[in-house]
Amino acid sequence: MKRIDPRPGADRCDAGRRRFVASAAVSAFALASLVAPRARAAAADDALIEEFSPAGESLGAKRVPKVVKSEAEWRAQLSPGAYEVTREAGTERAFTGAYWNQHASGLYRCICCDTALFDSQTKFESGTGWPSFWQPIAKTNVVESVDRSFGFTRTAVSCRRCDAHLGHVFDDGPKPTGLRYCMNSAALRFVPRGGPA
């Protein structure tokens, strides 16, 4: 049942209020639809990375710009082998990389952007001929994705900051995680613990 307002012009006020509320709602929606894509685009242009000191101590998480370069820039920066592995998702031959038999204490950083990826304290002898780790230095520093190349499904691992392909992770590793991050030496740069980053 509609209530009647006895004041003169009350119907016009109610209609005006409804138009104002409706136009405010439409304006808010339009503004949100303009701002949201920009916020998503800005978020896509950066990455949340946990930074580490040369001693391997966490310096906390920090939002940093994603590293994006042209093919020519990557080719100028990287060796042919590192380019093939990191930018074309290649795999180096087993037992040929620089770090498969490395036992020194230190950090393994991304060859492309220098993000800390693995700590030697989690490295183990897998017998595969590739450097293997049972966990990354920080889960936030790597991205795992489905890889269906070569006719079977694997989990590819890449650097969160620059999208460099690093290798694959398998569920046949040692305790405590049961995982084997099987990485390509060509995608990594080893820095001795306490040495210059």
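That block above? That's the structure.
Worth saying up front: this structure is predicted, and the values here are computed from it rather than measured. (Residues numbered from 1 in each chain as written. Predicted model: local features only at pLDDT ≥ 70, side-chain atom pairs only at ≥ 80, totals over all residues. Heavy atoms only, no water.)

On to the sheet that holds strand β6 (residues 132-133), then. Spatially, six strands are ordered β5-β6-β10-β9-β8-β7 in an open sheet, and the strand pairing comes out antiparallel. The sheet is open, and its two edges are formed by β5 (123-124) and β7 (142-147), each paired on a single side. Direction of pairing for β7 relative to strand β8 (residues 154-159): antiparallel, over a ladder of six bridges. Bridge pairing in β8 places V146 opposite T155. (Pairing = 2+ DSSP bridges. Helix = DSSP H or I, 4+ residues; strand = E, 2+ residues; numbered from the N terminus.)

A few words on the pairing of strand β4 (residues 116-119). The sheet contact formed by strand β3 (residues 106-110) and β4 spans three bridges and is antiparallel. Bridge pairing links Y108 to F118 in β4. Connecting the antiparallel pair β3 and β4 is a turn made up of five residues, with D114 showing a positive phi of about 75 degrees.

This paragraph deals with the pairing of strand β2 (residues 58-65). Pairing of strand β1 (residues 46-52) with β2, which is carried by seven bridges, proceeds in the antiparallel orientation. Each bridged residue has a counterpart across the sheet, and for E51 the counterpart in β2 is G60. Taking the residues between adjacent antiparallel strands as the criterion, β1 and β2 are bridged by five residues, where G56 takes a positive phi near 90 degrees.

Counting 27 residues, the largest nonpolar core has C110, L117, C162 and M183 as the members making the most contacts within it. At three residues, helix α3 (residues 80-88) tops the list of elements feeding residues into this core. Core analysis: the next-biggest nonpolar cluster, separate from the first, contains five residues, F52, L107, A116 and A138 among them. (Core = buried A, V, L, I, M, F, W, Y, C linked by side-chain atoms within 4.5 Å. Buried < 20%, exposed > 50% of the residue type's maximum accessible area, 1.4 Å probe, protein only.)

Spatially, β4-β3-β11 is the arrangement adopted by the three strands of the open sheet, whose pairing is antiparallel. Two strands close off the open sheet at either side, each with one partner strand: β4 and β11 (188-192). Neighbouring strand axes in the sheet, compared pairwise and without regard to direction, differ in orientation by 30 degrees on average. (Axes fitted to C-alpha atoms, helices over the stretch in contact; angles between N-to-C directions.)

Residue position: S105 is located in the loop between α3 and β3. Separated by 18 residues in sequence, S105 and K123 place their C-alpha atoms 9.7 Å apart. The contact partners of S105, leaving out residues within four places of it in the chain, are S120, F190, P192 and R193. Within the structure, S105 has its side chain in polar contact with the side chain of R193 (distance 2.7 Å). (Contact = heavy atoms within 4.5 Å. Polar contact = N/O pair within 3.5 Å; in protein donor to acceptor, adjacent residues only side chain to side chain.)

The next thing to look at is the environment of P136. Here P136 shows up in the loop between β6 and β7. Exposure remark for P136: the relative accessible area of 7% places this residue in the buried category. Excluding its chain neighbours within four sequence positions, the residues that come into contact with P136 are L117, F118, V142 and Y181.

Let us now look at the pattern of salt bridges. Within this structure, the stated rule accounts for nine salt bridges. As a salt-bridge pair, D46 and R63 come within 3.4 Å of each other at their nearest N and O atoms. Of this pair, D46 sits in strand β1 while R63 is found in strand β2, placing the two residues 17 residues apart along the sequence. With relative accessibility at 48%, the residue R63 sits in the partly exposed group. Between R154 and D147 there is a salt bridge, and its shortest N-O distance comes to 3.2 Å. Across this residue pair, the class does not change: R154 and D147 are buried. (Salt bridge = Lys/Arg side-chain N within 4 Å of Asp/Glu carboxyl O.)

Turning next to α3. Inspection of α3 places A82, Y83, V85 and T86 among the buried residues, and these make up the whole buried set. Those residues of α3 that are buried lie in contact with α2 (71-77) and β9 (165-170). Following α3 by one or two positions, A89 has its phi on the positive side, about 55 degrees.

Before going further, it helps to spend a moment on the packing of aromatic side chains. The final tally for this structure, using the stated rule, is seven aromatic pairs. Seen in terms of ring centroids, Y99 and Y108 are 5.5 Å apart; in terms of plane orientation they differ by 80 degrees. Their pairing is edge-to-face. For the residue pair Y99 and Y108, the accessibility class agrees, reading buried in each case. You can call Y99 buried: its relative accessible area is 14%. Pairwise contacts between aromatic rings join Y99, Y108, F118, F133, Y181 and F190 into one cluster. Taking the ring centre of W74 as reference, the NZ or CZ of K69 above it sits at 5.0 Å. In this structure, R75 packs its charged tip against the face of Y83, placed 4.0 Å from the ring centre. (Phe/Tyr/Trp six-rings, centres within 6.5 Å; stacked < 30°, edge-to-face > 60°. Lys NZ or Arg CZ within 6 Å of the ring centre and 35° of its normal.)

Shape is all these values report; function is a separate question.
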